[in-house]
Every structure is written in C-alpha cells, then in structure tokens.
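Each chain, letter by letter, is given below.
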Amino acid sequence: MVNPQPTAKDDGPRHVAIIMDGNGRWATQRGRPRLFGHQAGARRVREIVEACPDLGVDYLTVFAFSTENWKRTQSEVSGLMNLFRRYITREAKALKANDVCVRFIGDRVRLDQKLVAMMDELEALTAHCRTVNLTIAINYGGRDEVARATKRLARDVAEGRLNPDDVDEETLPKYLDTCVLPDPDLVIRTSGEARISNFLLWQSAYSEYEFIDTLWPDFTADEFRSVVGGFGTRERRFGAVVA
Ligand code: IPE
Ligand code: IPE
Ligand code: MG
C-alpha cells in the first residue's frame, strides 16, 4: 500500500465500513426480544449492498459480531449464530446473482464448524464476483486481528522467512484478515454511539467517520445514499497541508 495522498475533494468513498448497531434497542422499543431486532437488522443488509454499485462503493464491510459480543447471554449468542446460518442460506443465491463477492473476517476458530463450512462455501460460490465486495465481520475484533497477525509475522521471523529489519508499516497489513481489501474511506456507525468498539483499528487510521442516530433496522438505502453523498464534501488531508 502506498501512503494515501491528500485530495481537496474526493468523489466518493470506495470502501465503506458499517458498525450495524442498535438492533437490541430497536426491539426493546417495540416490546420485543432482542433477537427480533437482529432479524430485522439482517434483512437491512441486502438493500444497502444493492445500493453500492450506483454510489461507486466497491467495498462494503459490515460488523456483525465482535469478539466482545460473546459476553451476551447464551440465548442471544446462539440466536445470532443461527441467524448468520439462515442469512447465508437465504441470501447466497441473490448475492451471486448480484455479482457480490463475499468474504468473512474475524477468528473462525471459536465459531461452530457448520457455520464455518457455510462461510467457506459462500466465499467459494462468489469468489469470481466483481460488482461489490461484501466483507462480513464475525467474531472480529481489531486487537484480536492484530494479535493473530503478529503471531504469524513472528513465526515467519522465527522460521527465517522474514527479516525483522524489513518490518515496516506495510508489512503488518499483509498479515491482517483484510489483506486483500483497501482501507475503509468512510466508517458509519448507527444508533448514536460515538465509539469504534474494536472495529478495523489498524485499517481506519485515516478513515472519515459518520456517527448517526438511526438504529440499524431503520437504516434505509436512502439514508445510506445521503451519508455516502456527504463524504464528497470532506477534505481529507492525511497530515499534509492542502493548498
Ligand atoms: C448490534 O446491535 C448487533 C450486534 C452487536 C450483534 P446491538 O445488539 O448491539 O443493539 P443495541 O446496541 O443493544 O441496541
Ligand atoms: C459493536 O456493537 C459490534 C457490532 C455492531 C457487531 P456493540 O453494541 O457490541 O458495541 P458496544 O458494546 O456498544 O461498544
Ligand atoms: Mg450495541
């Protein structure tokens, strides 16, 4: 990766990452169990993916389950894992038909083997697709990702494949789960929380952020278009002075 260059105005974000937050509150507001919110949230993903091509968004990355989300009740966690399986079954055909290349990031070791097999299958099914690159983060944590990358890097050093003197800021990203993705230009978080909750820590060093109040199950393609449209008015300086 070359260092990003300052531009007075960017046309639009090529890579948008979304922290899909607020499902639980959305359900609670309706007097329903939290899982009802997660189901509504999962249904939202399709229209956001489908809005990407017209906006010039080539990469969409969504945060579905964090390494910290295991702290939730067993019934919420297993409900979410079932939902991921159902999502893959239900959406695989449409994703392929819409030419969406799906990838998963996060540590698969702790996931149910049946789910991991379905994730592998969906990646293989859509590997040739080119219109949109959808990356779904499941059991993903930025710190965990950097720790796992460092472990592999250290192994390469220990086994003589990598010279420690050659390690620079372009080395580590090659070991991250996101190694084939560009860094996100824009990170959106729904539900009014202004924090990143361990999402894409390394990759978002120079991302623009949008924290919006809408709860994820209410986030429409129109709102997505308006947030993405606002990106073009931002001046990205990357530490330089723009004339
Ligand atoms: C985001 O919604 C989905 C996951 C973290 C799995 P939440 O479940 O965090 O919803 P709130 O924040 O409790 O409303
Ligand atoms: C971040 O949301 C993780 C996902 C959206 C998957 P959380 O709801 O887990 O984050 P915190 O706990 O509010 O920081
Ligand atoms: Mg939340």
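One structure accompanies this document, and this report is about it. The numbers attached to residues start from 1 for each chain and follow its sequence in the written order. Each chain is given a letter, starting from A, and each ligand a number, starting from 1, according to the order in which they appear as written. Local features are withheld for residues below a pLDDT of 70 in this predicted model, meaning they are given only at 70 or higher, and side-chain atom pairs are given and counted only at 80 or more; totals for whole chains, interfaces and linings count all residues. Hydrogens and water molecules were not included; the side-chain quantities draw on all heavy atoms of the structure.

**Quick notes on the overall build of the chain**
The condition is simple: By the criteria applied, helices consist of DSSP H or I runs no shorter than four residues and strands consist of E runs no shorter than two, each listed in order from the N terminus. With C-alpha atoms as the basis for the radius of gyration, the globule rule is written as 2.2 Å multiplied by the number of residues raised to the power 0.38. Each residue's exposure class comes from its accessible area (1.4 Å probe, protein chains only) as a fraction of the maximum for that residue type: buried when under 20%, exposed when over 50%, partly exposed otherwise. In what follows, a contact means two residues having at least one pair of non-hydrogen atoms within 4.5 Å.
What the chain contains, in helices and strands, is 6 helices and 6 strands. The order of helices and strands in the chain, counted from the N terminus, is β-α-α-β-α-β-α-β-α-β-β-α. Whereas a compact globule of 243 residues would reach a radius of gyration of roughly 18 Å, the chain reaches 18 Å, a difference of no more than 12%. C-alpha atoms of the chain, sized along the principal axes, occupy 55 × 50 × 35 Å. Taken across its 243 residues, the chain has 47% of its residues classed as buried. Expressed as a percentage of contacts within the chain between residues at least 6 apart in sequence, the contacts between residues at least 24 apart total 77%.

**Some remarks on the site of ligand 2**
Which entries qualify depends on this criterion: By convention in this text, a residue qualifies as near a molecule or strand provided that one of its non-hydrogen atoms is within 4 Å of it. Polar contacts here mean pairs of N or O atoms no more than 3.5 Å apart (in protein, one a potential hydrogen donor and the other a potential acceptor; neighbouring residues in sequence count only if both atoms are side-chain atoms). Nonpolar residues are Ala, Val, Leu, Ile, Met, Phe, Trp, Tyr, Cys and Pro. Charged residues are Asp, Glu, Lys and Arg, and all others, Gly as well, are polar.
Lining the immediate surroundings of ligand 2 are Ile19, Met20, Asp21, Phe63, Ala64, Phe65, Asn69, Arg72, Arg189, Arg195 and Ser197. Arginine 189 is positioned such that a nitrogen or oxygen atom in its side chain is 3.2 Å from an oxygen atom of ligand 2. The leading source of residues in the shell around ligand 2 is strand S2 (residues 59–66), at 3 residues. In terms of residue class, the shell around ligand 2 is built from 5 nonpolar, 2 polar and 4 charged.

**Some details on the pairing of strand S1 (residues 15–19)**
Put simply, the test is: Two strands form a pair only when DSSP identifies at least two bridges running between them.
The element S1 is extensively covered by neighbouring structure, given that 5 of its 5 residues are classed as buried. Where burial is concerned, the two faces of S1 agree: the one with His15, Ala17 and Ile19 and the one with Val16 and Ile18 are both buried. Examined bridge by bridge, S1 and S2 share 5 bridges and lie parallel to one another. Bridge pairing in S2 places valine 16 opposite leucine 60.

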